[in-house]
Structures are given as C-alpha cells and as structure tokens.
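# Structural description and commentary
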Amino acid sequence: MEFHHLLKLHLLLSLSIILLSSFHAQAEVKFKYCDKKNYAVKVSDIKISPNPVVRGNPATFKISATSGQAIYGGEVVIGVSYFGVSVHTERIDLCEEVSCPVANGNFLISHTQTLPAITPPGPYALKMTLKDDKDALLTCIKFNFKIVLGSLVSDM
C-alpha cells in the first residue's frame, strides 16, 4: 500500500514540474511599438507575474526601458481591451511608478494591480503610452496577455 502512495506522490510531483515548466515558458511577453516612430524611450523587456494573470489576485507588470534623456515627470496611460472592445483606461503619474527624475539610461516601470474576481477569463490586449511632463510622447507599446480563472485545485 505504501508503494502505491509513493507512486502517486511521484506522479503528482512529475505533473507539477511539467505544469510549472509550461507556465515558465509563457513568461516571455512579446510586444510591438504602436507605429514606426523613433521613440525617445526604448522598451527592452516586459514581464508579467503571474503569467497568465489570475483574476481576483494581484498581477505585476514590469516594463524594462532605456531613455537617452532624463525624464522629470510624466504620465503612463494604460488602455486594456477585450476582444477589441476597450474595457479599462488608467492614467498613472510616472513618478508614482519610478523615482523621478529618471536619469538617462535603464529604468523599470513596475505596476501591480488586482483584477476584480468577476473579470472574464480570456485574451486581452494592452496599450501603454508614456508621456513626459511637457506631454511629449516618449514611447507607445502594445502587447497581449491572458486572464484565467483562479486555481481549480483545493488546498490539502
């Protein structure tokens, strides 16, 4: 009987490793610029944690970028759409997300938000623009992400 339990445990651990590795593979977020402009701020990487996003739980979006100039303030505008329909727009003071002034070079915009538990699961598109304190457009990117239901496995 104990062998049977060890076999079950081994299968459960193997399945967990497979599932975790598949979630890790989804961690890379591909983005594109909104158009072919030569933006002052270049985005190098986007990470979403967890990925996919679990509704009702906090999700963190980290955007790594580089600027060739100092940024003294500004605004991050986030627009989210679901199947092409705008469902959320948010304006955030840049200095609430990063330490201002942002020196020229690399910086990270990190934003955490808890999505309502009633958020429909499925594919979403996000558009983010960054403007400086004089309302000049510094960058504009678009990327997709996915929202899923909470865990279907109960705690033991």
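Throughout this description, residue numbers start from 1 for each chain and increase along the sequence as written. Totals for whole chains, interfaces and linings use all residues, but because this is a predicted model, local features are given only for residues with pLDDT of at least 70 and pairs of side-chain atoms are given and counted only at 80 or more. Hydrogens and waters are ignored; side-chain quantities use all the structure's heavy atoms.

The protein carries the name MD-2-related lipid-recognition domain-containing protein in an unreviewed UniProt entry, which gives Canavalia gladiata as its organism.

### Quick notes on the nonpolar core
Selection criterion: Residues grouped as a nonpolar core are buried Ala, Val, Leu, Ile, Met, Phe, Trp, Tyr and Cys residues, joined through side-chain atoms within 4.5 Å. For each residue, the accessible area found with a 1.4 Å probe, counting protein chains only, is set against the maximum for its type, and the residue is called buried under 20%, exposed over 50%, and partly exposed in between. Helix and strand assignments come from DSSP, with helices taken as H or I runs of at least 4 residues and strands as E runs of at least 2, each series counted from the N terminus. The contact rule is simple, with two residues in contact once any of their heavy atoms fall within 4.5 Å.
Among the nonpolar cores identified, the biggest contains 29 residues, and Phe107, Leu130, Phe143 and Phe145 are the most heavily contacted of them. Of all the secondary structure elements, the ones that give two or more residues to this core are strand 2 (41-49), strand 4 (58-67), strand 5 (74-82), strand 7 (105-114), strand 8 (122-132) and strand 9 (137-148). Element by element, the count of residues in this core is highest for strand 9, at five residues. Once residues lying within four places of it in the same chain are set aside, the contact partners of phenylalanine 143 are Val29, Lys30, Phe31, Ile46, Ile48, Phe61, Tyr124, Ala125 and Leu126.

### Digging into the side chain of threonine 60
Convention followed: Polar contacts here mean pairs of N or O atoms no more than 3.5 Å apart (in protein, one a potential hydrogen donor and the other a potential acceptor; neighbouring residues in sequence count only if both atoms are side-chain atoms).
Along the chain, threonine 60 turns up in strand 4. A residue is classified by how much of its surface remains accessible, and threonine 60, at 18% relative accessible area, is buried. One polar contact links threonine 60 to threonine 112, side chain to side chain, over a distance of 2.8 Å. Non-local contacts of threonine 60, meaning those with residues more than four positions away in its chain, are made with Lys47, Ile48, Ser49, Ser110, His111 and Thr112.

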